[in-house]
Amino acid sequence: QRQLVDSGGDLVQPGESLRLSCAASRFTLDRYAIGWFRQAQGKEREGVSCISSSGESTNYADSVKGRFTISRDNAKNTAYLQMNSLKPEDTAVYYCAAVAGYSGRYCPLSNKLSYNYWGQGTQVTVSS
């Protein structure tokens, strides 16, 4: 019954913005690190950003630094990925994921196998 539901993907033009949401059902996220991953056609799923359970630590892939911002609102049991200045190469299915944090600063961006729960994915397409 524990589930993550990610949403917010859309078709946008280069330079535009989107905000993805990741809502937890049947469990609370306050002790979980949250990661956002993406998988483009023909490519391996890669880490985009993560935020630790405390919110103290965040990590970003080099390709999105300065453009994307991860955040969380534990009161709403939801995490977000604000995506600005979108580029065609950002086109992918985006997934949120959660992993129980052994500390408040735990934030595994690269190790997708660490994550216990995954959203269904939401399509982001950036095209003119």
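Use the structure listed above.
Note that this is a predicted model, so its numbers are computed, not measured.

Peer 1: It is not clear to me how the overall build of the protein should be interpreted in this structure. Could you clarify?
Peer 2: Each helix and strand counted, the protein has 0 helices and 11 strands in total. The order of α-helices and β-strands along the protein, N terminus first, is β-β-β-β-β-β-β-β-β-β-β. Restricting to contacts in the protein with at least 6 residues of sequence separation, those with at least 24 account for 62%. Split by element, the accessible area of the protein, about 6,600 Å² in all, is 42% carbon and sulfur.

Peer 1: Whenever I open this one, the environment of Asp90 confuses me. Can you help?
Peer 2: Within the secondary structure layout, Asp90 lies in the loop between strand S8 (78-83) and strand S9 (92-100). A C-alpha to C-alpha distance of 9.5 Å links Asp90 and Gln39, two positions 51 residues apart in sequence. When residues no more than four places from it in sequence are discounted, the contact partners of Asp90 are Arg38, Val64, Arg67, Phe68, Ser85, Val124 and Val126.

Peer 1: Where do I start with the state of the cysteines in this structure?
Peer 2: What is meant by a disulfide is a covalent connection between two cysteines, made through their sulfur atoms. Here the structure, examined in full by the defined rule, presents 2 disulfides. Put simply, Cys50 and Cys107 are joined by a disulfide, and their sulfur atoms are 2.0 Å apart. Linking Cys50 and Cys107, the disulfide has an S-S dihedral of approximately 120° and is accordingly described as right-handed. Of this pair, Cys50 sits in strand S5 (residues 46-51) while Cys107 sits in the loop between S9 and strand S10 (117-118), and the two are 57 residues apart along the sequence. Side by side, Cys50 and Cys107 carry an identical accessibility label, which is buried. For the protein, the bonded cysteines pair up as 1-3, 2-4 when numbered in the order they occur along the sequence.

What counts as what
Residues numbered from 1 in each chain as written. Predicted model: local features only at pLDDT ≥ 70, side-chain atom pairs only at ≥ 80, totals over all residues. Heavy atoms only, no water. Helix = DSSP H or I, 4+ residues; strand = E, 2+ residues; numbered from the N terminus. Contact = heavy atoms within 4.5 Å. Areas by Shrake-Rupley, 256 points an atom, 1.4 Å probe, with all protein chains shown as cover. Disulfide = S-S within 2.5 Å. Buried < 20%, exposed > 50% of the residue type's maximum accessible area, 1.4 Å probe, protein only.

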